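# Observations on the three-dimensional arrangement
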Amino acid sequence: MDWINLLTPLAASAVIAAIPLMLAALGELVTEKSGVLNLGVEGTMLMGAIGAFAVTVQTGSLWLGAIAGIASGVVMSAVFAWLTLSLMANQVATGLALTIFGIGLSAYVGRPYTDATIPMLRDMPIPGLSSIPVLGASIFSLNPLGYLSVALLAAIAWFLYRTRAGLVLRSIGEAPSVAHAIGYPVVRIRYFATLFGGAMSGLAGAYYSVGYLRLWQENLTAGRGWIALALVVFATWRPGRTALGALLFGVVMALQFQAQAMGIRIPSQALASLPYLATIVVLVIISRNRQTIRLNAPASLGKPFFAGS
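Residues numbered from 1 in each chain as written. Predicted model: local features only at pLDDT ≥ 70, side-chain atom pairs only at ≥ 80, totals over all residues. Heavy atoms only, no water.

## Re the environment of Y212
Relative to the elements of secondary structure, Y212 occurs in helix α9 (residues 186-212). In the structure, Y212 is positioned 99 residues away from Y113 in sequence and 16 Å away in space, judged by C-alpha atoms. Not counting residues up to four positions away in its chain, the partners in contact with Y212 are I16 and Y207. (Helix = DSSP H or I, 4+ residues; strand = E, 2+ residues; numbered from the N terminus. Contact = heavy atoms within 4.5 Å.)

## Looking at a nonpolar patch on the surface
On the surface, a cluster of nonpolar side chains totalling about 360 Å² of accessible area is made up of I126, L129, I132, L135 and I139. With respect to the helices and strands, the residue L135 is situated in helix α5 (residues 135-138). (Patch = residues over 30% accessible without salt bridge, like charges linked within 9 Å, V, L, I, M, F, W, Y side chains within 5 Å. Areas by Shrake-Rupley, 256 points an atom, 1.4 Å probe, with all protein chains shown as cover. Salt bridge = Lys/Arg side-chain N within 4 Å of Asp/Glu carboxyl O.)

## As for empty space enclosed by the protein
Throughout the structure, instances matching the rule amount to two cavities of 30 Å³ or more. Every residue along the wall of the largest cavity is listed here: T84, L85, M88, Q91, V187, R190, K303, P304 and F305. Looking at the lining of the largest cavity, the elements with two or more residues in it are α3 (62-86) and α9. Considering only enclosed or pocket space, the second largest cavity measures out at about 30 Å³ in volume. The wall of the second largest cavity is formed by A24, G27, E28, N38, G40, V41, T44, G197, G198 and S201. Elements represented by at least two residues in the lining of the second largest cavity include exactly α1 (2-33), α2 (41-59) and α9. The class makeup of the residues in the lining of the second largest cavity is two nonpolar, seven polar and one charged. (1 Å grid on protein atoms, 1.4 Å probe; cavity = no way out; pocket = protein on both sides within 12 Å on 5 of 7 lines; lining within 4 Å. Points joined across faces, edges and corners; volume = space filled by probe spheres on them. Nonpolar A, V, L, I, M, F, W, Y, C, P; charged D, E, K, R; others polar.)

## Re unusual backbone geometry
The phi angle at T236 is positive, at roughly 50°, despite the residue not being glycine. The topology assignment puts T236 in the loop between α10 (224-234) and α11 (239-261). Its identity as a non-glycine residue notwithstanding, W237 has a phi of 60°, on the positive side. Mapped onto the secondary structure, W237 falls in the loop between α10 and α11. With a relative accessible area of 2%, W237 lands in the buried category. (Buried < 20%, exposed > 50% of the residue type's maximum accessible area, 1.4 Å probe, protein only.)

Okay, structure coming up:
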């Protein structure tokens, strides 16, 4: 049927575009659940992207590249955590500085790799399931990083709402003074949450450079880190809603490319702005109901914690 032929590439493109957004947003969600607001996601993703691409070019191994991308994200988030959790720097200002730093450093480090090529990370269709109309090509024909992303979504949701450690993390985000009073190491747990968020952002960047586009260029993520930050608020700090929100933005991005392929006469600049316009619209709609944000956001989000308080 014609509609199947039309929807299949659209759905496949939407899922591919949604995966790195979901990874970065899930990492930031865990970070924010601990009460830490890290606005450096964009810079961290870029460092993960160039770290993964550079190591893949040098070694020829896509998996070593992905590990390097994760490590780059951890290093970036460790700098942020040290400044904000140990030195008590302002989280908003530090996160913005981290993004600016990541954009500049990734552009400098990536200069020798702009014309480099790397091997393809091949898709792994699941026999039987990959032949399902529309869904088969989009969900059951991913590459290994795509399947890993789905597994991480399930693992994070299980950790946050089905384990004692997840309950402790959420309690620290709500009332760190109370958690400290009963003996939980608030700062240490926030460190781990922030490092995990950086690892996820680094993996998201690695997905862009070695799992999807297979290239490096300056500002490769093109502001997707900011969309990931908006997704956390859009999803009201819930993993499942984060995945659905990422898929929604993925559809918007896929429509951009499908419209160009179909020859629809809309300026390419206008099509490229669609994901960001969608982000603005979503944030405006959410902001109209501040009660919903107040009830779902961690109570101590962005607030420094002093162990002696």
